[in-house]
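Listed below are the residues making up each chain.
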Amino acid sequence: MKSRFLILALLCAAVFGLPQTVFGQKPSGQSELSTAQRLDVMSSKLDSMRRSLNSAIAAIPEDKSKDKKPNADDPGVRLKGLEKEVSSLTSEVNDLKTKNDKAEKFDPASVDRLETAVAELNTRVDTGLQQTASARTGSAAAGSSDKKKKKKGKLFGLFGGGEDKYADLTGAAVAGRDRVLFEEAAKEVRKGRHDTGRLLFATIINTYPDSPFLPLAKLAIADSFFLEGTTSALIQAAQAYQEWLTFFPTDPLADDASLKVAEAEMRQMGLADRDISHAKKAEQRLKVLLQQYPASPLRATVEARLAEVQENLAMHNLQIARFYYDVKYSTGKGGLKGSQSRLKEIADKYPCFSFNDEVFYRLATTYQAEEEPDEAARYYQKLVQEHPDSEYVEKAKEQLNIIGVPIPDKTAPNPCSKREPQSFMGNFMQQVSGRADITVDKNGILISKDGKEGADLIDEALKYNGQLPERRTPDAPTDRTRPAPANDPKTRNSTSGATPAASNTPTPAPTANKP
C-alpha cells in the first residue's frame, strides 16, 4: 500500500513539475504562432543580423601586423565573434526547420530556447554595431580599393548580384551619409528589395545614433515588413511597429503605428470557422487605440476596422452556437447551454452583428426550452423591433402570442446591423482563399505600396532633413502631416497610396526624442 502511494506521489510530482511546453503551451506572445512561423521569424532576424555584421566588418580596416595578438575588445574581433554566434544559431534554426518540414520529432522546448537566444543576441548585435561605429572609418587606400571593386562588380550588380554599390555607404561613419542611406533605403523598398532596404535603414540606426533620420528609419523598417506582406513579414511588422511605439509613444504618428499593428493581425485573419486568434488580437489593439487616442483623425477608420473584426468574431460564436443548437434539437441530448452561452455573448458584445435577428430568435427559443418565458419574450420583442424585415419576425410574433406578451407596435431598426448579400462566386472564392472578408490599407505609414517617389510621407522627411512638416488647420491642433484615413473619399484610399500634400507651406517641426 505504501509503495503504491509513493509511486502515485512521484507520478504527480513528475506531471506537475513538467515544463509548460510539454502540454503545448508557449511563452506569452507566441502561443498563437505555429512552429514553422516562429522558425521563419527567427531565420529572418538572424539573416538581417548577419548582413549588418558582414557590412560592418568589411568597413573596418584590417591590422596586418603579424605580432599583434587578437584582442576581444578590438572592434573587428568583437563583430566577427558576434557573426560566428549568428552563424551558429542560424545552423540550429535551419536544423529545426528541416526536422519540422519532414515531421521528424524534436524537443518543443528547443524552439523556446532558440527564440530567447535570438532575442538576446539581437540586442548584443545592435549594441556592438553602435559601439563600433567610430572604428569603421577606413583608410584612403581602402576607400579607393572599395571604389575599384564597386566599379568592377557593377555589371553583375545590375543583375542582382552582390551589394558592392552600398559598400561605402554601409561602411564608414561620415557626416551627411545618413541622409543618403535613408534615401537609398527608401528606393530599395519601393523596388521590392525589402531586405536591402532594411539593411540600409538599420545602418542608420547602428552607425548614426544621433541622426535626425533615426526615428523614421525605425518606422520605415516596420513599413518594409508590412509592405512585404508574407506571413513571416507581417508577424515581424507587428513586432517592429510595437517596438517603435515603445520608444515613441507620444509621437504624432503613434496612432498610425498602433493601427498598423492591428492591420498586420487583420491581414492574417482566417474565415470565421477557422483560427480566430489573429481576430482577437486585432480587436484588442483597435479597442486600445480608441482609448489611447480618442481625438485621432483615424478614429472613423479604426471604428470601421473594429466592426469588421467583430463581425468575424461574432460569426465564429454563431457557428458554434448553431452546432450545439442542432445537436440538441436533432438528438434531444445536451447542447442547449453551450448554444445559449455563445448566443448570449454575441447579443451582449456585438450589437452590430449582421445576423443578430437569428441570434435573438435562437436565444429566445433556448430560454423557452428552459421555461423562462420572460427572457424569451424579451429577445422575441427585440427581434421584432430591431429587425422588422427578418425572416424570423412572423415566428417571433407567434411565440409572443403563445407566451401572452404583447407584440411591439413601433419598430426601431438597428442601423448598424445590416446584412450585405454575397454572390455565390464571391463566397466560393472566399472559401478557397480561407481569408476573412476585411478592408485593410496595405500601404505603410511612410511608404505606400505603389506610390511614386515624391508622393509619400518619407519624401517629406527627406525634404526637411529627417523632420516632418507641420500642418495647422482651424479645427485641429498642430500635427505632423500624415496619411489620411483609408475610408476618407477626399483623400487616399487603400489602393492608391497617395498622400495629400499640405495646403500651406510646411515648416520644419522638432523630431521625436530618440530612444
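Residues numbered from 1 in each chain as written. Predicted model: local features only at pLDDT ≥ 70, side-chain atom pairs only at ≥ 80, totals over all residues. Heavy atoms only, no water.

Q: What should I look at first to understand the nonpolar core in this one?
A: As a rule of thumb, soluble globular proteins bury nonpolar side chains together. Within the largest apolar cluster, 89 residues are counted, with the highest numbers of intra-cluster contacts made by Phe182, Phe201, Tyr241 and Leu446. Residue contributions to this core peak at 10 residues, all from helix α9 (residues 214–228). Excluding anything up to four places from it in sequence, Leu446 contacts Leu216, Leu219, Ala220, Asp223, Leu253, Asp456, Leu457 and Ile458. Within the second largest apolar cluster, 20 residues are counted, among which are Met49, Leu53, Ala56 and Val118. (Core = buried A, V, L, I, M, F, W, Y, C linked by side-chain atoms within 4.5 Å. Buried < 20%, exposed > 50% of the residue type's maximum accessible area, 1.4 Å probe, protein only. Helix = DSSP H or I, 4+ residues; strand = E, 2+ residues; numbered from the N terminus. Contact = heavy atoms within 4.5 Å.)

Q: Quick question: what am I supposed to make of the side chain of Gln310 here?
A: By the secondary structure assignment, Gln310 is in helix α13 (residues 299–331). Residue class for Gln310 comes out buried when judged on its relative accessible area of 18%. When near neighbours in sequence (up to four residues on either side) are disregarded, Gln310 contacts Glu283, Lys287 and Tyr350.

Q: Help me understand the environment of Ile447, please; the structure alone is not making it clear to me.
A: Structurally, Ile447 can be placed in the loop between α18 (424–433) and α19 (457–463). According to the relative accessible area criterion, Ile447 is buried, its value standing at 0%. When the C-alpha atoms of Ile447 and Ser224 are compared, they prove to be 8.1 Å apart, with 223 residues separating the residues in sequence. Every residue in contact with Ile447, bar those within four places of it in the chain, is listed here: Val189, Arg190, Asp223, Leu227, Asp456 and Ile458.

Q: When you look at helix α12 (residues 277–292) in this model, what are you seeing that I'm missing?
A: Every α-helix carries 3.6 residues per turn, so stepping three or four residues along brings you back to the same face. The end-to-end C-alpha distance of α12, which contains 16 residues, comes to 23 Å, matching closely the 22 Å that a straight helix rising 1.5 Å per residue would cover. Ser277, His278, Ala279, Ala282, Glu283, Arg285, Leu286, Leu289 and Leu290 are the residues of α12 that are buried. (Expected span 1.5 Å × (residues − 1).)

Q: Is there a simple way to explain the packing of helix α7 (residues 177–190) against helix α8 (residues 194–207) in this structure?
A: Where α7 meets α8, the closest approach of the two axes is 8 Å, and the angle between their N-to-C directions is 160°. Taken together, the axes of α7 and α8 lie roughly antiparallel to each other. The interaxial crossing formed by α7 with α8 has left-handed handedness. For the pair formed by α7 and α8, the contact residues are Asp178, Leu181, Phe182, Glu184, Ala185, Ala186, Glu188 and Val189 on the first element and His194, Thr196, Gly197, Leu200, Phe201, Thr203 and Ile204 on the second. Residue composition of the contact of α7 with α8, by class: 8 nonpolar, 4 polar and 3 charged. (Axes fitted to C-alpha atoms, helices over the stretch in contact; angles between N-to-C directions. Parallel < 35°, antiparallel > 145°, perpendicular 65-115°, else oblique. Left-handed = near helix turned anticlockwise from the far one by under 90°. Nonpolar A, V, L, I, M, F, W, Y, C, P; charged D, E, K, R; others polar.)

Q: Would you take a moment to explain the pattern of salt bridges for this structure?
A: Pairing between side chains becomes possible if they bear opposite charge and their charged atoms approach one another. What the rule picks out here adds up to 24 salt bridges. Across the salt bridge formed by Lys349 and Glu345, the nearest N and O atoms sit 3.5 Å from each other. Residue Lys349 and its partner Glu345 are both found in helix α14 (residues 336–349); the two are separated by 4 residues, about one turn of the helix. Connected through shared salt-bridge partners, Arg38, Asp112 and Glu115 make up one network. (Salt bridge = Lys/Arg side-chain N within 4 Å of Asp/Glu carboxyl O.)

Q: Help me understand the packing of aromatic side chains, please; the structure alone is not making it clear to me.
A: What describes a pair of aromatic rings is the distance from one ring centre to the other and the angle between the planes of the rings. Under the defined criterion, the tally for this structure stands at 11 aromatic pairs. When the centroid spacing of 6.1 Å and the interplanar angle of 35° are considered together, the rings of Phe360 and Tyr379 count as tilted. One end of the pair, Phe360, is in helix α15 (residues 356–369); the other, Tyr379, is in helix α16 (residues 373–386), and 19 residues separate them in sequence. According to the relative accessible area criterion, Phe360 is buried, its value standing at 2%. Since its relative accessible area comes to 2%, Tyr379 is described here as buried. Ring pairing ties together the aromatic residues Phe182, Phe201 and Phe213, which thus form one cluster. (Phe/Tyr/Trp six-rings, centres within 6.5 Å; stacked < 30°, edge-to-face > 60°.)

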